[in-house]
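If you want the building blocks of each chain, they are given just below.
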Amino acid sequence: MINGGDGVYALLALVPIIFYLALTGFFIYFVIKIIKFINEKTRLDREKNEKLDELIKVLNQNKKD
């Protein structure tokens, strides 16, 4: 005799595994997004610092003249 409820219990046993995989996937996605953001911010900060250095040089040249 086959019990129809066995399939439901098998699916319920998979719920924690699916939840764990989804949570792990979200964590990996989140970490990748943070790394990309930090890299972009570092690049933009470098560009800003270079522009500030150029501006300081121009201002110093104007003071001397």
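For the structure, see preceding data.
Nothing here was measured: the structure is a model prediction, and the numbers come from that model.

A. Spotlight on the overall build of the chain. Counting its secondary structure elements, the chain contains one helix and zero strands. For the chain, with 65 residues in total, the buried portion stands at 0%. For the chain, the exposed surface amounts to about 6,500 Å²; the carbon and sulfur share of it is 69%.

B. Quick look at a nonpolar patch on the surface. A contiguous nonpolar surface patch, about 650 Å² in accessible area, is contributed by Leu-11, Leu-14, Ile-17, Ile-18, Tyr-20 and Leu-21. As for its placement among the helices and strands, Tyr-20 is situated in helix H1 (residues 6–64).

C. Highlighting the pattern of salt bridges. Counted by the stated rule, this structure contains three salt bridges. A salt bridge links Arg-43 to Glu-40, with the nearest nitrogen and oxygen atoms 2.5 Å apart. Taken as a pair, Arg-43 and Glu-40 lie in helix H1 at a separation of three residues, close to a single helical turn. Residue classification places Arg-43 among the partly exposed positions, given a relative accessible area of 38%. Of the charged contacts, one joins Lys-41 and Asp-45 as a salt bridge, the two residues approaching to 3.1 Å between their closest N and O atoms. Taken together, the residues Lys-41 and Asp-45, both in helix H1 and four residues apart, mark about one turn of the helix. For Lys-41, a relative accessible area of 43% corresponds to the partly exposed category. Via salt bridges that share partners, Glu-40, Arg-43 and Glu-47 belong to a single interconnected network.

Conventions used here
- Residue indices follow the written sequence of each chain, beginning from 1 at its first position.
- Note on the predicted model: pLDDT of at least 70 is required for a residue's local features to be given, and 80 or more for side-chain atom pairs to be given and counted; whole-chain, interface and lining totals, by contrast, use all residues.
- Heavy atoms throughout the structure, all of them, feed into the side-chain values; hydrogens and water do not.
- Helix numbering and strand numbering both begin at the N terminus, where a helix is a DSSP run of H or I of at least 4 residues and a strand a DSSP run of E of at least 2.
- Buried means the residue's accessible area, taken with a 1.4 Å probe over protein chains only, is under 20% of the maximum for its type, while exposed means over 50%, and partly exposed covers the values in between.
- Only the protein chains shown count as cover for residues, with accessible areas throughout obtained via the Shrake-Rupley method and a probe of 1.4 Å.
- Here a patch means residues that are over 30% exposed by relative accessible area and free of salt bridges, tied together within 9 Å if like-charged and within 5 Å if nonpolar (Val, Leu, Ile, Met, Phe, Trp, Tyr).
- By salt bridge we mean one thing: a side-chain nitrogen of Lys or Arg within 4 Å of a carboxyl oxygen of Asp or Glu.

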